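Here's the letter readout for the chains.
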Amino acid sequence: MSRVSTPRNAAPRPVPASAPSLRADLLAADFTADGCLDLLGAVAYAALSRAETVPALRATRGAGPLESLVRLFLLQQPVPYDRARAALPGIEQYAADGWVVRDGDEVRATVDVRPYAGDGGEDWWIVSDLGCAVGGAGGIGSAPGVDRADLVLGVGGASTTLAGLTVATSVDRALDLGTGSGIQALHASRHAARVTATDLNPRALEFARLTLALSGAREPDLRQGSLFEPVADERFDLIVSNPPFVISPGGRFTYRDGGMAGDDLCRTLVQQSAGHLTDGGWCQLLANWQHIEGEDWRERLAGWVPAGCDAWIVQREVQDVAQYAELWLRDAGDHRADPAAYAAHYDAWLEEFERGKVNGVGFGWITLRRSGSADPVVVAEEWPHPVEQPLGAHIADWFVRQDFLRSHDDAALLASRFTLAPDVVQEQVGLPGAEDPEHVVLRSARGMRRATKVDTVGAGFAGVCDGTLPAGRIVDAIAQLLGEDPVVLRDRTPESIRLLVGQGFLEPVAD
């Protein structure tokens, strides 16, 4: 790859030719996620994720190779040439290829290089613009000579969340739509035979190439363009996207602002996804959506889902319009700018929301699967509680359970056998000394970590399910034990079974 010209005063962006050699030097110095954690300690390492560098600076006052690399690539501090050369024996080549620049007796990095642990414990590195490994465009620094609108960010909470949500089964073709620095494409490289990565920002494609090259992954098929334009008429087994979902008055930053009215970018992405999925294919994305006066957000988002697709939409958080504007104004660093300019930007956000009758913004994730069913399952729910990451396998199981429930009427359900999920415990709540509990709660420690109330019949049914007896026979036995009419109990129990299966407390046993 030939060197790309850069604006005056901008550091040259690296070329990937020397990435294998650089990777070897980084490994030799233990410049890995585990190595940096051991060096910095938990407090300083966590502070870095908040764009606070003082603890890490204090922890890297030594002269060892790892201290030098942390200062050079993570903290963007100049390092004496002799120390840099001791940490990077191939430094002359790295300077020639643009990874670092020599400035007199010192060496500076041209990019952020952040150690990152892969799904299977691999040592990976994410390459991004200077100062943008953490903290957003208003974080610990800025890329000299680069328009802030075109900055390419590194690892953030959204990136790791989406990676944990992804259904990582082996597939032929995967698409990372809006790849940024290539994090999702890097994850997809482990389980997809072919990876395509797109982005509107051509600089992002360069950084994605560097990330995968430095991490030892094969280069993806990189294409420039908006949404699905670069892959027209193509289909994929998996589509993942951490899109520019921020709902803002105007597209100031390519990496975060969609540039469409309201939440139209996320809606468009969802609606067009079905046309680019193979049968059984998955589309998973993070999104923000508007809460509009007089509309149920669940019904509104369910209306986005294309025909023939099952969907699970989870809202993790809701912010009022003032909180939302303040969050992204801080992300852009506007709170440190001229007070009048800050107030003007703030007012523009609120004016836009008022015009659209928006009273809040939801944050969450959307998973679609192209099932082809004429009776698709679309569930939109609010779940602000802690979950277990990675969640991808649990999400896949959720869709399998929906297939089971859709294909089993009440009679078939009672003829089926079930086992209690291995992580489920039962809690009984009531007054001390009371003969019977006021209610019984089933609680799961895995996945979504759900809890649900059940009555005496539900608790007894779940406790007996070990996969040996059909559900109908268990219900009959409970009816006899409680002195109830078995026909009546058979009529009302399937609804409870569907709830327990749908939420993962009961697992169907294959015939």
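Definitions and cut-offs
- Residues numbered from 1 in each chain as written.
- Predicted model: local features only at pLDDT ≥ 70, side-chain atom pairs only at ≥ 80, totals over all residues.
- Heavy atoms only, no water.
- Helix = DSSP H or I, 4+ residues; strand = E, 2+ residues; numbered from the N terminus.
- Rg over C-alpha atoms; globule rule 2.2 N^0.38 Å.
- Buried < 20%, exposed > 50% of the residue type's maximum accessible area, 1.4 Å probe, protein only.
- Polar contact = N/O pair within 3.5 Å; in protein donor to acceptor, adjacent residues only side chain to side chain.
- Contact = heavy atoms within 4.5 Å.
- Pairing = 2+ DSSP bridges.
- Axes fitted to C-alpha atoms, helices over the stretch in contact; angles between N-to-C directions.
- Core = buried A, V, L, I, M, F, W, Y, C linked by side-chain atoms within 4.5 Å.
- Parallel < 35°, antiparallel > 145°, perpendicular 65-115°, else oblique.
- Nonpolar A, V, L, I, M, F, W, Y, C, P; charged D, E, K, R; others polar.
- Phe/Tyr/Trp six-rings, centres within 6.5 Å; stacked < 30°, edge-to-face > 60°.
- Lys NZ or Arg CZ within 6 Å of the ring centre and 35° of its normal.
- 1 Å grid on protein atoms, 1.4 Å probe; cavity = no way out; pocket = protein on both sides within 12 Å on 5 of 7 lines; lining within 4 Å.
- Points joined across faces, edges and corners; volume = space filled by probe spheres on them.

Participant: What is the right way to look at the overall build of the protein chain in this model?
Facilitator: When helices and strands are tallied, the protein chain shows 18 helices and 19 strands. Relative to the globule expectation of 24 Å for 511 residues, the C-alpha radius of gyration of the protein chain, 26 Å, shows essentially globular dimensions. Considering only C-alpha atoms, the protein chain reaches an extent of 90 × 50 × 50 Å along its principal axes. The proportion of buried residues among the 511 residues of the protein chain is 52%.

Participant: Got a minute to help me understand unusual backbone geometry in this structure?
Facilitator: Leaving glycine aside, a negative phi is the common case for residues, and trans is the common case for peptide bonds. In this structure, the amide linkage connecting Gln 389 to the following residue, Pro 390, adopts the cis form with an omega of 0°. Its location among the elements puts Pro 390 in the loop between β13 (378-382) and α14 (392-406). At Lys 357, a position not held by glycine, the phi torsion is positive, near 55°. Here Lys 357 shows up in the loop between α13 (339-355) and β12 (358-370). Judged by relative accessible area, Lys 357 falls into the exposed class, the value being 52%.

Participant: Sorry if this is basic, but what is going on with the environment of Gln 224 here?
Facilitator: Tracing the backbone through its elements, the reader meets Gln 224 in strand β8 (residues 221-224). Separated by 26 residues in the primary sequence, Gln 224 and Thr 198 place their C-alpha atoms 5.5 Å from one another. A polar side-chain atom of Gln 224 sits 3.4 Å from the main-chain carbonyl oxygen of Leu 200.

Participant: How should I be thinking about the side chain of Thr 211 in this particular structure?
Facilitator: Assignment of secondary structure puts Thr 211 in helix α9 (residues 202-214). Look at Thr 211 and you get buried, because its relative accessible area is 0%. Every residue in contact with Thr 211, bar those within four places of it in the chain, is listed here: Trp 125, Ile 126, Val 127, Ser 181, Gly 182 and Leu 186.

Participant: What's the story with the sheet that holds strand β2 (residues 100-103) in this structure? I'm lost.
Facilitator: An order of β1-β3-β2 is seen for the three strands of this open sheet, with the pairing classed as antiparallel. Of all strands in the sheet, those bounded by a partner on one side alone are β1 (79-80) and β2. Sheet topology note: the β2/strand β3 (residues 106-109) ladder contains four bridges and is antiparallel. In the sheet register, Val 101 faces β3, and the bridge partner there is Arg 108. Running over the sheet, helix α4 (residues 65-74) touches β1, β2 and β3 and is turned about 55° from β3.

Participant: Would you explain the nonpolar core in this entry?
Facilitator: As a rule of thumb, nonpolar side chains are buried together in soluble globular proteins. With 80 residues, the main nonpolar core has Tyr 324, Ile 366 and Leu 368 as its most contacted residues. Counting 38 residues, the second largest nonpolar core, distinct from the first, contains Val 70, Ala 84, Ala 204 and Leu 210.

Participant: Please explain the packing of α14 against helix α18 (residues 486-502) as it appears in this structure.
Facilitator: α18 packs onto α14 with a crossing angle of 155° between their chain directions and a minimal axis gap of 9 Å. On the basis of the axis angle, α14 is roughly antiparallel to α18. Contact with α14, carried on its side by Trp 398, Arg 401, Gln 402, Phe 404 and Leu 405, involves Arg 498, Val 501 and Gly 502 of α18 and no other residues of that element. Counted by class, the contact of α14 with α18 contains four nonpolar, two polar and two charged residues.

Participant: Honestly, helix α7 (residues 157-165) in this entry has me stumped. Any pointers?
Facilitator: Residues lying three or four places apart along an α-helix face the same way, a consequence of the helix completing one turn every 3.6 residues. For α7, the set of buried residues is Ser 159, Leu 162, Ala 163, Gly 164 and Leu 165. Elements that come into contact with the buried residues of α7 comprise β4 (112-117), α8 (183-188), β9 (236-241), β10 (277-292), β12 and α14.

Participant: I'm lost on the packing of aromatic side chains in this one. Help?
Facilitator: The way to describe two aromatic rings as a pair is by their centre distance and the angle between their planes. A full pass over the atoms with the stated rule returns 13 aromatic pairs. A ring pair is formed by Trp 312 and Trp 398, whose centres lie 4.6 Å apart and whose planes are at 10°; its orientation type is stacked. Taken together, the residues Trp 312 in strand β11 (residues 309-319) and Trp 398 in helix α14 connect sequence positions 86 residues apart. For the pair shown, Trp 312 and Trp 398 are each scored as buried. Between the aromatic rings of Tyr 324 and Phe 353, the centroid separation amounts to 6.0 Å while the plane-to-plane angle is 70°, which identifies the pairing as edge-to-face. Highlighted residues: Tyr 324 in helix α12 (residues 321-331) and Phe 353 in helix α13, separated in sequence by 29 residues. For Tyr 324, a relative accessible area of 0% translates into the label buried. Ring pairing ties together the aromatic residues Tyr 324, Trp 328, Trp 349, Phe 353 and Phe 363, which thus form one cluster. Across the ring face of Trp 282, the terminal group of Arg 369 is positioned such that the distance to the ring centre comes to 6.0 Å. Just above the ring of Trp 383 sits the side chain of Arg 450; from NZ or CZ to the centre is 5.1 Å.

Participant: It is not clear to me how the pairing of strand β5 (residues 123-128) should be interpreted in this structure. Could you clarify?
Facilitator: In summary, the side chains of a regular strand alternate between the two faces of the sheet. Among the six residues of β5, five are classified as buried, and the element is accordingly described as predominantly covered. Relative to β5, β4 is paired through six bridges, and the arrangement is antiparallel. Residue pairing for β5: Tyr 116 is matched across the bridge by Trp 124. Counting the residues in the hairpin turn of β4 and β5 gives five residues, including Gly 121, whose phi is positive at 85°.

Participant: Help me understand the sheet that holds β13, please; the structure alone is not making it clear to me.
Facilitator: The pairing of strands in a sheet happens through backbone hydrogen bonds and is either parallel or antiparallel. Taken in spatial order, the eight strands line up as β8-β7-β6-β9-β10-β12-β11-β13 in an open sheet, and their pairing is mixed. Two strands close off the open sheet at either side, each with one partner strand: β8 and β13. On average, each strand axis in the sheet is inclined to that of its neighbour by 20°, with strand direction left out of account. Sheet topology note: the strand β7 (residues 192-199)/β8 ladder contains four bridges and is parallel.

Participant: Honestly, the layout of surface pockets in this entry has me stumped. Any pointers?
Facilitator: The computed volume of the second largest pocket comes to approximately 880 Å³. Forming the walls of the second largest pocket are 42 residues, and the residues nearest its centre are Pro 390, Leu 391, Gly 392, Ala 393 and His 394. Broken down by secondary-structure element, the contributors of at least two residues to the lining of the second largest pocket are β4, α7, α8, β9, α14 and β19 (506-508). Here the element with the most residues in the lining of the second largest pocket is α14; it accounts for seven residues. Among the residues making up the lining of the second largest pocket, the classes are represented as 17 nonpolar, 15 polar and ten charged.

Participant: I keep staring at the side chain of Ser 416 and nothing clicks. Help me out?
Facilitator: Relative to the helices and strands, Ser 416 resides in the loop between α15 (410-414) and β14 (417-420). Sequence-distant contacts of Ser 416, defined by excluding residues within four places in its chain, comprise Phe 404, His 408, Leu 469, Pro 470 and Ala 471.

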